[in-house]
Each structure stands twice: as C-alpha cells, then as structure tokens.
Amino acid sequence: MTELGSVAWPPAPIRTERLVLREPESRDRAAFIELFTSPEVNTYLGGPRPRDECERALPETPERRPGRFVIEPDGAMIGTIEVNRRDAERRSHVRPDAGEAELGYLLLPAAWGHGYAAEACAAALGWFAGALPGEPVVLCTQTANVRSMRLAAKLGFTEVQRYEAWGAEQWMGVWSPVTPPV
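Parameters at a glance
- Residues numbered from 1 in each chain as written.
- Predicted model: local features only at pLDDT ≥ 70, side-chain atom pairs only at ≥ 80, totals over all residues.
- Heavy atoms only, no water.
- Helix = DSSP H or I, 4+ residues; strand = E, 2+ residues; numbered from the N terminus.
- Buried < 20%, exposed > 50% of the residue type's maximum accessible area, 1.4 Å probe, protein only.
- Areas by Shrake-Rupley, 256 points an atom, 1.4 Å probe, with all protein chains shown as cover.
- Pairing = 2+ DSSP bridges.
- Contact = heavy atoms within 4.5 Å.
- Axes fitted to C-alpha atoms, helices over the stretch in contact; angles between N-to-C directions.
- Core = buried A, V, L, I, M, F, W, Y, C linked by side-chain atoms within 4.5 Å.
- Salt bridge = Lys/Arg side-chain N within 4 Å of Asp/Glu carboxyl O.

(A) Structural context of the overall build of the protein. A count of helical and extended segments in the protein gives four helices and eight strands. Mapped in sequence order, the helices and strands of the protein form the string β-β-α-α-β-β-β-α-β-α-β-β. Residue burial in the protein is summarised as follows: out of 182 residues, 48% are buried. On the protein, roughly 9000 Å² of surface is accessible, and the fraction owed to carbon and sulfur atoms is 53%.

Printed below as a string of structure tokens:
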C-alpha cells in the first residue's frame, strides 16, 4: 500500500455509536500480535505468522500511517482497519492508472458477530469520502470468505471481477461515495 496523498493525518478519532477509530498506540502491540498470529483471523490471508517472529518484528508502537485505524469499543483494541492506496503492481484495478483506494480490516475472533466490522468500515468509508470526495474504494476477498462477502454486500460494494490468485478464487468489489454505506 502507498500513501493517500493530500489527506491531513492524523484526523481526530472517529466515533460511532459503539466504536472509536484512532491511530495505533504502544498499548495496542499485544492485540496486533494476536491479529497477525491468529489462525482464525488469517484463514483467508495465507495463514498466521509465527508468534516469535511477530514479537521480534513488531515495534513497541505499531506503525502509524495515513488511513490506518485501530478499532476499539471500550478502550481495548479489537481490530484494525485501513483505507489506503493499492500498489500499482497488483493484478486487478478499477482505474486505468491503478492506485485506487482499498479497504482492509482485521478483527479478533472474540469481536466477530457483533456488527463491529460493519460499523467500523462504514465509519472509515465515510471518513475517506470526506477526505477525498468522489473517489471509489475497492475491497478484495476470497469468495470462500462468506463473512467478508456478506459485509461487502451490506456496505454497498458491487462486484467488478473475480480472478484466481494465491490458489483461490478472489472477489473484487467497488464502493462509490455517491452511494453512502449502510
């Protein structure tokens, strides 16, 4: 992923009915390690990273970069969400010049099934639409990831294409800010 360009960063924390989206802090390190090493979280992402490798590699304060937010409902991190530029080398695009924005998220398994992903994604998409009006956002997932496919539909992403990558069928959808997320 590459930078978002002219977006002012960091924004004030984004507050929803139940969540706060904010920049990563040192207190989030353990939750980041859990995200990256969880077999459940990484089922459709190539598998978990080894814990010892992750503990050595992750800095005390996880990387802060434009478009990356920690998701917290009650003062403790339950996941992360990003809206950032796709690398031009990625094999699928919706813009002829590539570099479109892409939504990505990871939540700890204990947070699944409570609507947090939908709430956080809608808030991040709203922030992005305000920061870069009129720009579409893509979301890519494996078609086997039923939860992610359901969330993409709920948020208003429409299918652009399906393709094979990493030994599985992938789905790419696009969200346009003219149709606000649910």
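(B) View of the sheet that holds strand 3 (residues 68–72). One open sheet holds the eight strands; their spatial order is 1-2-3-4-5-6-8-7, and the pairing between them is mixed. Edge positions in the sheet fall to strand 1 (14–15) and strand 7 (158–165), since each has one partner strand and no second. Pairing between strand 7 and strand 8 (residues 168–175): seven bridges, direction antiparallel. When the bridges of strand 8 are listed, T158 appears paired with V174. Along the sheet, helix 4 (residues 146–155) makes contact with strand 5 (101–107), strand 6 (137–142), strand 7 and strand 8, crossing strand 6 at roughly 160°.

(C) Quick peek at the nonpolar core. L21, I81, L103, V137 and F157 are the most contacted members of the largest nonpolar core, which totals 34 residues. Those elements giving two or more residues to this core turn out to be strand 3, strand 4 (79–85), strand 5, helix 3 (116–131), strand 6, helix 4 and strand 8. For this core, the element with the most residues is helix 3, which contributes 11 residues. The contact partners of I81, leaving out residues within four places of it in the chain, are L21, G67, R68, F69, I71, L103, G104, Y105, A120, C121 and A124. Judged by nonpolar contacts, the second largest core, of 12 residues, contains A31, F36, V41 and C54.

(D) The arrangement of the pattern of salt bridges in detail. The full count for this structure, using the stated rule, is 17 salt bridges. Among the charged side chains, a salt-bridge network with shared partners connects R22, E25, R27, D28 and E72.

(E) Representation of the environment of P62. By secondary structure assignment, the location of P62 is in the loop between helix 2 (51–57) and strand 3. Owing to a relative accessible area of 1%, P62 belongs among the buried residues under this scheme. Sequence separation between P62 and R29 is 33 residues; the distance between their C-alpha atoms is 6.2 Å. Ignoring any residue separated from it by four or fewer positions in sequence, one finds P62 in contact with P24, E25, S26, D28, R29 and F32.

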